[in-house]
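# Examining the three-dimensional arrangement
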Amino acid sequence: MEVVSSGLPEFEYIHAESIEQASTFLLDESKDSRLFMGGTDLFVQMRAGARSPSLLVDVKHLPGMNDIQLKPDGSLHVGAAVNLNALARHEDVAEHYALLAEAAQSVGSYQLRSRATMGGNLCNASPAADTAPAALVLGARLIAQSGKDERSIPVEAFFLGPGETALQRGEILTRIEFPSPPKRSVGRYLKLGRNAAGDLAIVGVAVLGFPDDEAPSGYRFRLALSSVAPTPLLVPEVENILSGETMNDERIQAAARTAQQAAKPIDDVRATADYRSAMVEVYARRALKAVWAALRRDN
Ligand SMILES: Cc1cc2nc3c(=O)[nH]c(=O)nc-3n(C[C@H](O)[C@H](O)[C@H](O)COP(=O)(O)OP(=O)(O)OC[C@H]3O[C@@H](n4cnc5c(N)ncnc54)[C@H](O)[C@@H]3O)c2cc1C
């Protein structure tokens, strides 16, 4: 162990030899330890005095943590330490999970994305996490390991509140698993920030749509929101509205209003709750229309 200081409060740093060893450190109650990935959330929080861990446990270098694997069944496994540039630029992600690539690309600046990881984005559990709505509509599962035990958490059960997740003490997110996306699906992530240079979302909307012969409308849509509720939010009612009857502009408008009603925004430095609420309706409508137009063109 070495002591590091760089304008941050003093802390110890450990380059863990295994996930098992890392969870042992995290479980040690004599230390206030925290898992460390890119540090782009954690260091900001430590500088601001919001967190002051005495030990940072680094697992980025461990086997599998940086892997992106398209499996033979079409599912995608993303190591928790994969940085967001690597994710956005990976051939298989761009080809088969374009929505995820788009969401990863929307985070901050190039420099930030070369440090920031997908695991960190989800585990920090900010309501504004840009990869979370994509994970929600794609039906991701989060693989958490403590010691030798592993469990799989559906992403919709992962976010418990701002900064709070379903991870237990000592558990480490090791990878994110995405099931094979529905055939001929199309996704979009639309994000409203204060500027185009990389800012946290005022509102983010992810939509995944796909043809489905069993749906009366011939389509199914999933929609999730960021930055407008205590957690990233899946809005399942949208699926019912858009699968039930013939798709048209009125149905899309009704679905966008439903998303607006599901949102529970607050005022903060980036926007007022009223503005956010209005923008949920606008961005949900735009994202749904964009996906529907692409579905009609491609299918
Ligand atoms: C200038 C700036 C701009 C930003 N812009 C955006 C933006 O546009 N969109 C956006 O969504 N975010 C943005 N962020 C926030 C941040 O960059 C992202 O959330 C990033 O993905 C965090 O990843 P990280 O690897 O740096 O996490 P870290 O800071 O290392 O970790 C974040 C938290 O998660 C925990 N953690 C991390 N990995 C694991 C794991 N595998 N298992 C268990 N716990 C874990 C850590 O203990 C810590 O509490 C921005 C940050 C800055 C500083």
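Residues numbered from 1 in each chain as written. Predicted model: local features only at pLDDT ≥ 70, side-chain atom pairs only at ≥ 80, totals over all residues. Heavy atoms only, no water.

Turning next to the overall build of the chain. What the chain contains, in helices and strands, is 11 helices and 15 strands. Taking 2.2 N^0.38 as the reference for a compact globule, 299 residues should give roughly 19 Å; the C-alpha atoms of the chain span a radius of gyration of 20 Å, in line with that estimate. Taken along the three principal axes of its C-alpha coordinates, the chain extends 65 × 45 × 30 Å. Of all 299 residues assigned to the chain, the portion counted as buried reaches 51%. Partitioning the contacts of the chain with sequence separation of at least 6, the portion at a separation of at least 24 is 61%. A total of about 13600 Å² of accessible surface is found on the chain, and carbon and sulfur atoms cover 48% of it. Between the centroid of the 31 positive side chains of the chain and the centroid of its 37 negative side chains there is a distance of 5 Å. (Helix = DSSP H or I, 4+ residues; strand = E, 2+ residues; numbered from the N terminus. Rg over C-alpha atoms; globule rule 2.2 N^0.38 Å. Buried < 20%, exposed > 50% of the residue type's maximum accessible area, 1.4 Å probe, protein only. Contact = heavy atoms within 4.5 Å. Areas by Shrake-Rupley, 256 points an atom, 1.4 Å probe, with all protein chains shown as cover. Lys, Arg positive; Asp, Glu negative; His and termini not counted. Charge placed at Lys NZ, Arg CZ, Asp CG, Glu CD.)

For the rest of this paragraph, the subject is the sheet that holds strand 11 (residues 172-178). An order of 5-6-11-7-8 is seen for the five strands of this open sheet, with the pairing classed as antiparallel. Edge positions in the sheet fall to strand 5 (68-70) and strand 8 (149-154), since each of these pairs with one other strand and no more. The average angle at which neighbouring strand axes cross in this sheet is 20 degrees, direction not considered. Alignment of strand 7 (residues 141-146) against strand 11, held across five bridges, turns out to be antiparallel. The residue of strand 11 that forms the bridge with arginine 141 is glutamate 177. The sheet contacts of helix 1 (residues 19-27) involve strand 7 and strand 11, and relative to strand 11 the element is tilted by about 125 degrees. (Pairing = 2+ DSSP bridges. Axes fitted to C-alpha atoms, helices over the stretch in contact; angles between N-to-C directions.)

Here we take up the side chain of arginine 113. Here arginine 113 is to be found in helix 6 (residues 110-113). Aspartate 130 provides the closest opposite charge to the buried, unpaired arginine 113, separated from it by 8.7 Å. A distance of 2.9 Å separates the side chain of arginine 113 from the backbone oxygen of valine 107, its partner in a polar contact. (Salt bridge = Lys/Arg side-chain N within 4 Å of Asp/Glu carboxyl O. Polar contact = N/O pair within 3.5 Å; in protein donor to acceptor, adjacent residues only side chain to side chain.)

A word on unusual backbone geometry. Phi is positive for arginine 184, close to 60 degrees, though the residue is something other than glycine. Looking at the secondary structure, you find arginine 184 in the loop between strand 11 and strand 12 (186-192).

So, about the packing of aromatic side chains. The description of an aromatic ring pair rests on the distance of the ring centres and on the angle between the ring planes. Applying the stated criterion across every chain, the model contains six aromatic pairs. Centre to centre, the rings of tyrosine 97 and phenylalanine 178 are 6.0 Å apart; their planes meet at 55 degrees, and the pair counts as tilted. Here the residue tyrosine 97 occupies a position in the loop between helix 4 (91-96) and helix 5 (98-105), and phenylalanine 178 occupies one in strand 11, the gap between them amounting to 81 residues. Ring geometry for tyrosine 219 against phenylalanine 221: centres 6.3 Å apart, planes inclined by 50 degrees, an arrangement best described as tilted. The burial state of tyrosine 219 is the same as that of phenylalanine 221; both residues are buried. What links up through ring pairs into an aromatic cluster is the set Phe11, Tyr13, Phe36 and Phe43. Arginine 286 extends its terminal NZ or CZ atom over the ring of tyrosine 283, reaching a point 5.0 Å from the ring centre. Above the face of the tryptophan 292 ring, arginine 296 is positioned so that its terminal group lies 3.7 Å from the ring centre. (Phe/Tyr/Trp six-rings, centres within 6.5 Å; stacked < 30°, edge-to-face > 60°. Lys NZ or Arg CZ within 6 Å of the ring centre and 35° of its normal.)

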